[in-house]
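One letter stands for each residue in the lines below.
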Amino acid sequence: MTGRLRTGRLAGKVAFVTGAARGQGRSHCVRMAAEGADVVAFDLCGPVERRDYIRPSTPDDLEETARLVEKAGGRIVRVQGDVRSADDLARARDAGIQEFGGIDVVVANAGTGGAGKLTHELDEAEWAVTLGINLTGVWLTAKTFLPHLVERGGGSLVLIGSAAAVKAVPHLVDYVCAKAGVVALTKVLANEYGPHGVRANCVCPGNVATDLVVNDEVLRMFRPDLDRPTVDDAAPVLSSMVPLAGQPLLQPGDVSEAVLWLASDEARWVTGAVLAVDMGMTSL
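Rules used in this analysis
- Residues numbered from 1 in each chain as written.
- Predicted model: local features only at pLDDT ≥ 70, side-chain atom pairs only at ≥ 80, totals over all residues.
- Heavy atoms only, no water.
- Helix = DSSP H or I, 4+ residues; strand = E, 2+ residues; numbered from the N terminus.
- Rg over C-alpha atoms; globule rule 2.2 N^0.38 Å.
- Contact = heavy atoms within 4.5 Å.
- Domains from an automatic or database assignment.
- Salt bridge = Lys/Arg side-chain N within 4 Å of Asp/Glu carboxyl O.
- Polar contact = N/O pair within 3.5 Å; in protein donor to acceptor, adjacent residues only side chain to side chain.
- Nonpolar A, V, L, I, M, F, W, Y, C, P; charged D, E, K, R; others polar.
- Axes fitted to C-alpha atoms, helices over the stretch in contact; angles between N-to-C directions.
- Parallel < 35°, antiparallel > 145°, perpendicular 65-115°, else oblique.
- Left-handed = near helix turned anticlockwise from the far one by under 90°.

- Per an unreviewed UniProt entry, the protein chain is named SDR family mycofactocin-dependent oxidoreductase, and its organism is Petropleomorpha daqingensis.

Written out as structure tokens, the structure is:
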């Protein structure tokens, strides 16, 4: 399909990834490229309203993703856009099809953190931002690509949920509800599109070392006694939340291994699954 001889678990496939400029999204792009895939990388590359505590992704971040994908042996198309925009997603889909001939894997990874407030303190605008990106954006991503995947005779949808979808976290009602919706969406898609050869699965990571977690606002949830806590400051609390000891946070690559497996033909009979990559957080 790409006109090149590639080897690897995704050889000859094309993967579309949202939130691709940094963090988990970048890691997914690079890992899949290393296994033979070409990549369509989609990211807002700008600030998200009402989320000043999270460093915004930039065009330079997306360029770094492209550099790393190419270094891993893959080709890449990068598109800036918002997952809350059906038009932006359709533009990215069409760009990928034009460049590579089709899309085989869709990873709905883009997300934002919650507002960090008690339920009665949360305002409607904050709720709308979190649900818009973390749930509606995932639904729109799937909706945009499903007709194409059906036409191609199948494909793999990997939706990124969260351990918070299973184990509710206080002060994050908007985030918890959005990610729980992603789990439910996964199961609906698996049932609706399985007869067409489309698999839908969900990866639910625990706390991952990205900008969504490693920032003052989130780390203070674990160490409210400190104004600007570090990961080391929060490590004892983070480690107490999981049965697997050894590190306070997951690394993006830990999640990418699960994404890669679900995207590959090794998981060809797996659909509707919710795979926890959380150091056992949801088992406690």
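## Brief notes about the overall build of the protein chain
Here comes step 1: Along the backbone of the protein chain there are eight helices and seven strands.
Here comes step 2: Computed over its C-alpha atoms, the radius of gyration of the protein chain comes to 18 Å, within 12% of the 19 Å expected for a compact globule of 284 residues.
Here comes step 3: Its C-alpha atoms give the protein chain principal-axis dimensions of roughly 55 × 35 × 35 Å.
Here comes step 4: The long-range fraction of contacts in the protein chain, counting pairs at least 24 apart against all pairs at least 6 apart in sequence, stands at 74%.

## Remarks on the domain arrangement of the protein chain
Here comes step 1: On domain assignment, one finds that the protein chain holds domain 1 (14-208 + 251-273) and domain 2 (215-248).
Here comes step 2: Computed over C-alpha atoms only, the centres of domain 1 and domain 2 are separated by 26 Å.
Here comes step 3: Listed as interface residues are nine residues of domain 1 and, on the opposing side, eight residues of domain 2.
Here comes step 4: Taken together, the connections running from domain 1 to domain 2 amount to zero salt bridges.
Here comes step 5: Connecting domain 1 to domain 2 are zero residue pairs in polar contact (both at pLDDT 80 or more).
Here comes step 6: Among the residues forming the side of domain 1 that touches domain 2, the class breakdown is five nonpolar, three polar and one charged.

## Thoughts on the pattern of salt bridges
Here comes step 1: Scanning the entire structure with this criterion turns up 24 salt bridges.
Here comes step 2: Close ionic contact of R55 with D211 constitutes a salt bridge, the shortest N to O distance being 3.3 Å. Residue R55 is found in the loop between β2 (38-43) and α2 (59-71), and its partner D211 is found in the loop between β6 (198-205) and α6 (216-222); the two are separated by 156 residues along the sequence.
Here comes step 3: Salt bridges here are not isolated pairs; linked through shared partners, they connect R22, R55, D61 and D211.

## Things to note about the side chain of T130
Here comes step 1: Considering the arrangement of structural elements, one finds T130 in helix α4 (residues 124-151).
Here comes step 2: There is a polar contact of 3.2 Å between the side chain of T130 and the backbone oxygen of E126.
Here comes step 3: With residues near it in sequence (within four places) discarded, T130 still touches R51, T112, G113, G114, L135, D174, Y175 and A178.

## Overview of the packing of helix α1 (residues 23-34) against α2
In a pair of packed helices, the angle between the axes and the distance between the axes together describe the arrangement.
Here comes step 1: Packing of α1 against α2 brings their axes to within 9 Å, and their N-to-C directions diverge by 15°. Classed by the angle they form, the pair α1 and α2 counts as roughly parallel. The interaxial crossing formed by α1 with α2 has right-handed handedness. In this structure, α1 contributes R26, C29, V30 and A33 to the contact, and α2 contributes D61, E64, T65, L68 and V69.
Here comes step 2: Across the contact of α1 with α2, the residue classes tally to five nonpolar, one polar and three charged.

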